[in-house]
Structure formats: structure tokens, C-alpha cells
Amino acid sequence: MSLALAPLDVSVEMEANLPCRKFDPDLWFSDQPAELELAKSLCGDCPLRVECLAGAVERAEPWGVWGGEIFERGAVVPRKRPRGRPRKEDLARDAALRVEAEARLVASGVATSRNAVRLAA
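The structure displayed is predicted, hence computed values, not measured ones.

> Looking at this structure, how should I read the UniProt feature "binding site: [4Fe-4S] cluster" (unreviewed entry) in the protein chain?
The feature "binding site: [4Fe-4S] cluster" (unreviewed entry), as given by UniProt, occupies Cys20, Cys43, Cys46 and Cys52 in the numbering adopted here. Spanning 33 residues, the named residues form one tight spatial group whose C-alpha atoms are at most 10.9 Å apart. When only the residues just named are considered, the largest pocket is lined by Cys20, Cys43, Cys46 and Cys52. Looking at Cys20, the relative accessible area reads 32%, which means it is partly exposed. As for its placement among the helices and strands, Cys52 is situated in helix α4 (residues 49–59). In this view, Cys52 contacts Trp66 and Gly67; residues no more than four positions away in its chain are not counted.

In C-alpha cells:
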């Protein structure tokens, strides 16, 4: 069989279009909150976003951005906080973002209720 007639490996072609394959992989595991937010935004149009998120939830990934969500110690967190004590307004914003993150998990079909996925408090 000649190479010209060999079947096209669609998975290789698809992987080339995945954001986590096109950009620096360290971006998805950064310590900088702004870089993690960038990684989350890059996941938005990924064709494998839901599968990636479901796999990360199932494995309880210890950290990083998976399927457009940030994981820390096996739980989904709405945002990575910078070092130091959080301001009061940041705590209020985190509570609102937690609700938003839960809604995204339910909308993507990964979770059906708050008990299905561990969200960091």
C-alpha cells in the first residue's frame, strides 16, 4: 500500500487543532491566575472540552485547567486566588463565581447536582 493511499489519521489532525496542543502546555498548569484564565478562555472553543472536563472530574485531577475549568486539589475552583489573604470583596466574588462554575458543569452534562462534583469552598 502506498503512502498516498493510506487512510488519513483524523485523530492526529484533530489534535493539531486543540488549544492545549497548539500553545505552551505549561500555560494550563501555571501558578499565575491570569495565565490560568487565559488557558480557560482558550478551552472555550475546543471540540473535546466536555470530554476533557468529564475525564478530569472522574480522575479528580490534582491541579491545572481541564475542559475550561480550574482544578485545585481535585476540586473545581472558580478562579485561582493570588497568594496572601483575600480581600472581603474577593470572597463575595468567589461565592458568585462558584455558582457560575457549578452552572457550567451542569450545563455541560458533567454534573447533575452540587454533590456530583466537588467544588472548592
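> Teacher, can you tell me more about the state of the cysteines here?
Working definition: the covalent bond between the sulfur atoms of two cysteines is a disulfide. With the rule as written, the count across this model stands at zero disulfides. The closest cysteine sulfur to the non-disulfide-bonded Cys20 is located on Cys46, 5.9 Å from its own sulfur. Among the cysteines around Cys52, which has no disulfide bond, Cys43 carries the closest sulfur, lying 6.4 Å off. A relative accessible area of 29% means that Cys52 is categorised as partly exposed.

> What am I meant to see in the confidence of the model for the protein chain here?
The predicted structure's coordinates, where accompanied by low pLDDT, should not be read in detail. When pLDDT is averaged along the protein chain, the result is 77, and 74% of the positions lie at 70 or above. Confidence, read as mean pLDDT per element, is least for helix α1 (residues 10–16) in the protein chain (55) and greatest for strand β1 (residues 63–66) (94). Across residues 1–10 the pLDDT falls below 50, and counting only partners more than four positions away or on other chains, this stretch makes three contacts in the model.

> What is the right way to look at the nonpolar core in this model?
One recurring pattern in soluble globular proteins: nonpolar side chains tend to sit buried together. The biggest cluster of nonpolar side chains holds eight residues, and these are Leu27, Trp28, Leu36, Ala39, Cys43, Val65, Ile70 and Val77. The element best represented in this core is helix α3 (residues 33–43), accounting for three residues. Counting six residues, the second largest nonpolar core, distinct from the first, contains Leu53, Ala56, Val76 and Leu105.

> Would you mind going over the packing of aromatic side chains with me for this structure?
Given two aromatic rings, one states the distance between the centres and the angle between the planes to describe the pair. In this structure the tally under the stated criterion is two aromatic pairs. Ring centres 5.1 Å apart and planes at 70 degrees place the aromatic pair Phe29 and Trp63 in the edge-to-face group. With Phe29 in the loop between α2 (19–22) and α3 and Trp63 in strand β1, this residue pair connects regions lying 34 residues apart in the sequence. The partly exposed category is assigned to Trp63, whose relative accessible area is 43%. Here the aromatic rings of Phe29 and Trp66 are separated by 5.9 Å at their centres, their planes lie at 75 degrees, and the arrangement is edge-to-face. Pair noted here: Phe29 is in the loop between α2 and α3 and Trp66 is in strand β1, with a separation of 37 residues, a long-range link. On the basis of relative accessible area, Phe29 is assigned to the partly exposed category, the value being 30%. One aromatic cluster is present, formed by Phe29, Trp63 and Trp66 through successive ring pairs. The ring of Trp66 carries the charged tip of Arg59 above its face, separated from the ring centre by 5.3 Å.

Conventions adopted
Residues numbered from 1 in each chain as written. Predicted model: local features only at pLDDT ≥ 70, side-chain atom pairs only at ≥ 80, totals over all residues. Heavy atoms only, no water. UniProt positions renumbered as here; feature names shortened; annotations may be inferred. 1 Å grid on protein atoms, 1.4 Å probe; cavity = no way out; pocket = protein on both sides within 12 Å on 5 of 7 lines; lining within 4 Å. Buried < 20%, exposed > 50% of the residue type's maximum accessible area, 1.4 Å probe, protein only. Helix = DSSP H or I, 4+ residues; strand = E, 2+ residues; numbered from the N terminus. Contact = heavy atoms within 4.5 Å. Disulfide = S-S within 2.5 Å. pLDDT = per-residue confidence, 0-100. Core = buried A, V, L, I, M, F, W, Y, C linked by side-chain atoms within 4.5 Å. Phe/Tyr/Trp six-rings, centres within 6.5 Å; stacked < 30°, edge-to-face > 60°. Lys NZ or Arg CZ within 6 Å of the ring centre and 35° of its normal.

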